[in-house]
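# Structure at a glance
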Amino acid sequence: MAATEQSLPSIDSVPSLSAEDRARILDLLFEPSAQLHTLSVPLLREKAFPSYHELISAVGMQLTELSESASTSDTQWLHDILGAHPRLGAKKVESAQSQTEQAQLQGGGDEAEKLRRLNEEYEAKYPGLRYVVFVAGRSRPVIMQDMRARIDGSTFETERATNIRAMCEIAADRAEKLVK
């Protein structure tokens, strides 16, 4: 069974799926990203994983390897993948998963403006990165407090690692919800 718009196929079937279906799995777990497709679609064909958790960990290792590379092209590649995540509180969010996850962050008024400014401040301090965090079950004030703490007290390298870890946490949560 191939990956449908809102479900994941059996983990056992992944290596035998088409490249398009393996890319769709990555889109469901992470966010749509041509760079992630290029990086990880071959991995999903070459290796059989016992669980989606193991698959997500393997993709996380690929991202970590990019983050530790001295190559500027690897760094740009990673930033493009991390940048596929929508800004928190963004009005337009492409993936259905992100729309659902960010629903409690939508709103108007002062809090929405504060969140917009925090996104801009984060991206100015960490050029090429986007703030990524596992939001499920966390309120907007808690998220904004975390964002402020990361702006004020983190380093570029720590933020890359934190974003990779958050992407994998988000993917693991999505996998639990999408495996049929």
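Figured I'd write up the structure that's included with this text.

Definitions and limits used
Residues numbered from 1 in each chain as written. Predicted model: local features only at pLDDT ≥ 70, side-chain atom pairs only at ≥ 80, totals over all residues. Heavy atoms only, no water. Helix = DSSP H or I, 4+ residues; strand = E, 2+ residues; numbered from the N terminus. Buried < 20%, exposed > 50% of the residue type's maximum accessible area, 1.4 Å probe, protein only. Contact = heavy atoms within 4.5 Å. Areas by Shrake-Rupley, 256 points an atom, 1.4 Å probe, with all protein chains shown as cover. Salt bridge = Lys/Arg side-chain N within 4 Å of Asp/Glu carboxyl O. Core = buried A, V, L, I, M, F, W, Y, C linked by side-chain atoms within 4.5 Å.

Take the overall build of the chain next. Along its length, the chain carries 8 helices and 0 strands. Secondary structure elements of the chain occur, N-terminal to C-terminal, as α-α-α-α-α-α-α-α. Looking at the chain as a whole, 47% of its 180 residues are labelled buried. Partitioning the intrachain contacts of the chain with sequence separation of at least 6 by distance along the chain shows that 65% fall at a separation of at least 24. A total accessible area of about 8,800 Å² is found for the chain, and carbon and sulfur atoms account for 53% of it.

Counting across every chain of the model gives 14 salt bridges. With a closest N to O distance of 3.6 Å, Arg 45 and Glu 46 form a salt bridge. A relative accessible area of 44% places Arg 45 in the partly exposed class. The exposure class of Glu 46 is exposed, given its relative accessible area of 58%. Among the salt bridges present, the one from Arg 117 reaches Glu 113, with a minimum N-O distance of 3.6 Å. In this pair, Arg 117 and Glu 113 are both assigned in helix H6 (residues 109-125), 4 residues apart and thus about one turn of the helix distant. Connected via shared salt-bridge partners are Glu 113, Arg 116, Arg 117 and Glu 120.

A general trend in soluble globular proteins is that nonpolar side chains are found buried together. Ranked by internal contacts, the top residues of the largest apolar core, which has 47 residues, are Leu 29, Phe 30, Tyr 52 and Leu 55. When contributions to this core are tallied by element, the ones reaching two or more residues are helix H1 (19-29), helix H2 (34-46), helix H3 (52-68), helix H4 (72-82), H6, helix H7 (140-153) and helix H8 (156-178). In terms of residue count, H8 provides more of this core than any other element does, 8 residues in total.

That's the geometry; what it means functionally is another story.
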